[in-house]
Amino acid sequence: MTNEDQGLNRSRILVVDDELTIRKSIQKRLEKEGYEVTSADNAKDALQLFQENSFDTVISDIRMEEMDGLELLKRLQDQRRDIPVIMVTGAPSLDTAQESIKAGAYDYITKPIEREILINTVKRALEKKRLNDQIKEYQRSLELKVREQTKTIFSIYKFANQLNSMDSLEDVVNSVVNFVSDFMFSKRVSIMLLDEKGEYLSIKGAIGLEEEIVRKTKIRRGEAIAGKILETGKAIRVDDISSMKAESDRYSQYRSFMSFPLMQAPLKATNLSLGIINVTNRFGDQPYVEEDLENLDFIADTASVAINNQLKSIEIERSYFRTMKALARAVEEKDRYTRGHSERVKTYAVEMASHLGLPSEITSTIEYACVLHDIGKIGIPDAIIHKDRDLTDEEYTQIKEHPAKGENIIRVIPFLEPAQPIIRHHHERFDGTGYPDGLRGKEIELGARIIAIADTYDAMTTERPYRGPLPKDHVIAVLKEQKGKQFDPELVDIFVRYLLEQED
Ligand SMILES: [Fe+2]
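Source: prediction; values computed, not measured.

Attention shifts here to the overall build of the protein chain. Counting its regular elements, the protein chain contains 20 helices and 11 strands. Relative to the 2.2 N^0.38 estimate, which gives 23 Å for 504 residues, the radius of gyration of the protein chain is 43 Å and therefore markedly larger than a compact globule would have. Over its C-alpha atoms, taken along the principal directions, the protein chain stretches across nearly 135 × 55 × 35 Å. For the protein chain, contacts bridging at least 24 residues in sequence account for 58% of all contacts bridging at least 6.

Right, dumping it as structure tokens:
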């Protein structure tokens with residue numbers, strides 16, 4: 001006897017017949033086959049039993065008093081549509097047998113009941129029941145899966161909407177990293193983006209990685225798993241690095257930030273690789289399954305749209321900046337005495353920033369401000385700008401408007417927002433007698449205090465229409481003399497120290 005037979009034999013059968021001998025004979029034969037049989041001598045009791053127990057099939061006589069087999073069949077089906085019911089009928093009454101089939105009975109057998117027919121019919125009925133159950137189970141699990149997946153997709157869509165309303169690349173990248181970490185129950189998630197030339201990947205956002213690794217990791221396009229994914233454009237799942245012999249050798253140099261099992265998916269716009277998302281270290285060391293990979297791929301696609309939008313707006317901002325830089329240069333070029341002024345101011349300012357150990361974002365902001373610090377002069381007549389000396393009060397008032405005008409001009413570039421106060425205040429004096437706002441001391445933005453020194457130093461050490469360049473010693477003496485008056489004394493010390501180092 002096979003396992004399946006044993007399974008069938010444990011099936012439960014309800015036998016309904018008002019004739020004791022027939023009832024007993026059916027029951028005995030079926031029990032001999034190993035089935036579990038319960039019997040009833042009328043339809044009403046049978047219904048009661050059917051409600052209280054779970055049967056796999058029912059065998060019922062058609063002709064019974066009070067409630068006949070057809071009525072019982074109908075009521076059984078009201079309770080459970082898929083229960084196979086075998087009708088038992090007296091030999092000539094084929095009409096009722098046919099009628100019961102139409103009403104939904106599984107089959108019928110005629111009296112006197114032949115053992116073989118009984119057993120075979122029951123077997124087939126049970127097999128049908130088993131198939132029905134299987135289909136029902138499959139549908140149930142399919143529904144569950146669909147429901148689960150719908151929930152997943154919905155939560156990703158909800159997240160995508162949040163992403164699209166963010167206004168910096170940093171926010172987008174960090175949100176994606178956090179979302180994926182929660183969603184995939186993973187402790188380590190990172191996003192690597194390609195540089196402008198599309199040659200190297202570097203980490204733009206990470207969770208579960210040391211800061212130094214985030215800062216230092218660089219992967220060349222085409223190298224390691226991450227670099228390869230850019231080429232194939234396909235997400236992958238790796239349980240164990242030893243399964244990838246070729247990577248295994250190269251893997252050693254990326255050991256600091258890679259661990260297994262891992263999943264990686266590409267970030268891409270229509271025809272453009274943007275980078276990759278890397279997911280490892282699932283809580284409880286669970287492996288990733290195919291469904292996780294599909295979800296990651298879906299999240300990566302969603303994130304790509306938001307990342308690409310941010311990159312585009314950065315590109316637009318950069319091109320605005322380039323235009324403005326060109327404008328600022330054009331203003332300088334018109335006057336041979338100011339040619340190259342902004343670039344030199346930038347060099348000095350960056351030196352001071354580096355002596356102060358300022359973070360790179362602040363240094364960049366100061367650089368931008370240097371390049372554009374006098375862009376407000378666009379709005380002032382050349383005749384006044386080039387005059388430089390013997391200005392009337394009226395003309396001097398106009399000149400003094402250039403920092404505020406410059407601040408206004410760069411307002412259209414969001415990433416230059418931190419440079420706005422630097423440009424506005426680059427003519428303030430440390431003692432509070434400068435313009436436009438008469439700020440004093442540390443009220444003045446650090447970048448503006450730096451530029452004030454660099455600006456003056458460059459103006460004095462370059463040629464003017466009315467004088468040659470002043471000697472360095474002389475200018476240093478002037479800077480020192482102006483400590484605490486025009487300039488921040490600490491910054492003057494730093495700058496003078498730099499100038500003297502240059503001499504050595
Ligand atoms: Fe200026």
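Before going further, it helps to spend a moment on the sheet that holds strand β4 (residues 85-89). One open sheet accounts for five strands, arranged β2-β1-β3-β4-β5; its pairing is parallel. The open sheet has two edge strands with one neighbour each: β2 (36-40) and β5 (107-110). Neighbour-to-neighbour, the strand axes of the sheet open up by a mean angle of 20°, direction not taken into account. The strands that helix α2 (residues 20-32) touches are β1 (12-16), β2 and β3 (57-61); relative to β2, the one it contacts most, it runs at about 170°. Each of β1, β3, β4 and β5 touches helix α6 (residues 115-164); the most contacted strand, β5, lies at about 170° to it.

Quick look at the sheet that holds strand β10 (residues 262-269) now. Strand order in the open sheet formed by six strands is β8-β7-β6-β11-β10-β9, and the pairing between neighbours is antiparallel. Edge positions in the sheet fall to β8 (218-220) and β9 (236-238), since each of these pairs with one other strand and no more. Between one strand and the next, the sheet's axes are offset by a mean angle of 25°, whatever the strand orientation. Relative to strand β11 (residues 272-282), strand β6 (residues 186-194) runs antiparallel, the two sharing seven bridges. Paired with S186 across the two strands is R282, which belongs to β11.

This next bit is on the domain arrangement of the protein chain. The domain boundaries assigned to the protein chain delineate domain 1 (3-135), domain 2 (167-302) and domain 3 (334-503). Computed from C-alpha atoms alone, the centre-to-centre distance between domain 1 and domain 3 is 101 Å.

Attention now goes to the nonpolar core. Membership of the largest hydrophobic core comes to 38 residues, with the highest contact counts inside it found for V180, I276, I277 and A303. For this core, the secondary structure elements donating two or more residues are α6, α7 (169-183), β6, β7 (200-207), α9 (224-232), β10, β11 and α11 (290-333). Excluding residues within four positions of it along the chain, A303 makes contact with L163, V176, L267 and I277. By size, the runner-up hydrophobic cluster in this structure holds 36 residues, among which are Y348, Y368, I422 and I444.

Tracing the chain through its elements places D240 in the loop between β9 and α10 (245-251). Residue class for D240 comes out exposed when judged on the 11 C-beta atoms lying within 10 Å of it.

A separate point is the confidence of the model for the protein chain. When pLDDT is averaged along the protein chain, the result is 88, and 93% of the positions lie at 70 or above. Highest mean pLDDT in the protein chain belongs to helix α17 (residues 420-424) (97); lowest belongs to helix α1 (residues 3-9) (47). For the stretch residues 1-9, pLDDT sits under 50, and the model shows six contacts to residues farther than four places along the chain or on other chains.

This part takes up unusual backbone geometry. Each neighbour pair has its own omega, and for K111 with P112 the value is -5°, a cis peptide bond. Here P112 is to be found in the loop between β5 and α6. Cis peptide bonds are those with omega within 30 degrees of zero, and the linkage from Y435 to P436 qualifies with 5°. Not every positive phi belongs to a glycine, and E66 is a case in point at roughly 60°. In this structure, E66 sits in the loop between β3 and α4 (69-79). Accessibility expressed as a C-beta count within 10 Å gives 9 for E66, which makes it exposed.

Successive side chains on a regular strand alternate, one facing one side of the sheet and the next facing the other. As paired elements, β6 and β7 share six bridges and run antiparallel to each other. Considered in β7, the bridge of V189 is made with I207. Connecting β6 to the next strand, β7, in antiparallel fashion are five residues, including G198 with a positive phi near 75°. Both β7 and β8 contribute to a ladder of three bridges, which runs antiparallel. What sits directly across from L201, in β8, is I219.

Taking 1.5 Å per residue as the helical rise, helix α12 (residues 341-356) with its 16 residues ought to reach 22 Å, and the 23 Å between its terminal C-alpha atoms agrees with that figure. When α12 is considered as a whole, its buried residues turn out to be H341, S342, V345, K346, Y348, A349, M352 and A353. In the core, the buried residues of α12 are packed alongside α11, α13 (360-372), α18 (446-461) and α20 (489-503). Once α12 finishes, G357 follows within two positions and takes phi at roughly 65°, a positive value.

Another point: α20. Taking 1.5 Å of rise per residue, the 15 residues of α20 would be expected to cover 21 Å, and the 21 Å separating its terminal C-alpha atoms lies within 8% of that figure. L491, V492 and F495 are the residues of α20 that are buried. Down the axis of α20, the buried set is contained in an arc of 100°. They therefore lie on one face. Seen from the buried face of α20, the exposed residues on the opposite side, beyond 90 degrees, are E490, R497, L500 and E501. Each element contacted by the buried residues of α20 is listed here: α12, α18 and α19 (472-481).

Examined against the element boundaries, R115 turns out to sit in helix α6. Classification of R115 by C-beta neighbours within 10 Å gives exposed; the count is 12.

Relative orientation and spacing of two packed helices are given, respectively, by the angle between their axes and the distance between those axes. For the pair α12 and α18, interaxial distance at closest approach is 9 Å and the crossing angle is 130°. Between α12 and α18, the interaxial angle falls into the category oblique. Of the two possible hands of crossing, α12 and α18 adopt the one that is right-handed. Facing H341, R344, V345, Y348, A349, M352 and A353 of α12, the residues of α18 in contact are I450, I451, A454, D455, Y457 and D458.

Thresholds applied
- Residues numbered from 1 in each chain as written.
- Predicted model: local features only at pLDDT ≥ 70, side-chain atom pairs only at ≥ 80, totals over all residues.
- Helix = DSSP H or I, 4+ residues; strand = E, 2+ residues; numbered from the N terminus.
- Rg over C-alpha atoms; globule rule 2.2 N^0.38 Å.
- Contact = placed C-beta atoms within 7 Å.
- Pairing = 2+ DSSP bridges.
- Axes fitted to C-alpha atoms, helices over the stretch in contact; angles between N-to-C directions.
- Domains from an automatic or database assignment.
- Core = buried A, V, L, I, M, F, W, Y, C linked by C-beta atoms within 7 Å.
- Buried ≥ 20, exposed ≤ 12 C-beta atoms within 10 Å, placed from the backbone.
- pLDDT = per-residue confidence, 0-100.
- Expected span 1.5 Å × (residues − 1).
- Arc of directions from axis to C-beta.
- Parallel < 35°, antiparallel > 145°, perpendicular 65-115°, else oblique.
- Left-handed = near helix turned anticlockwise from the far one by under 90°.

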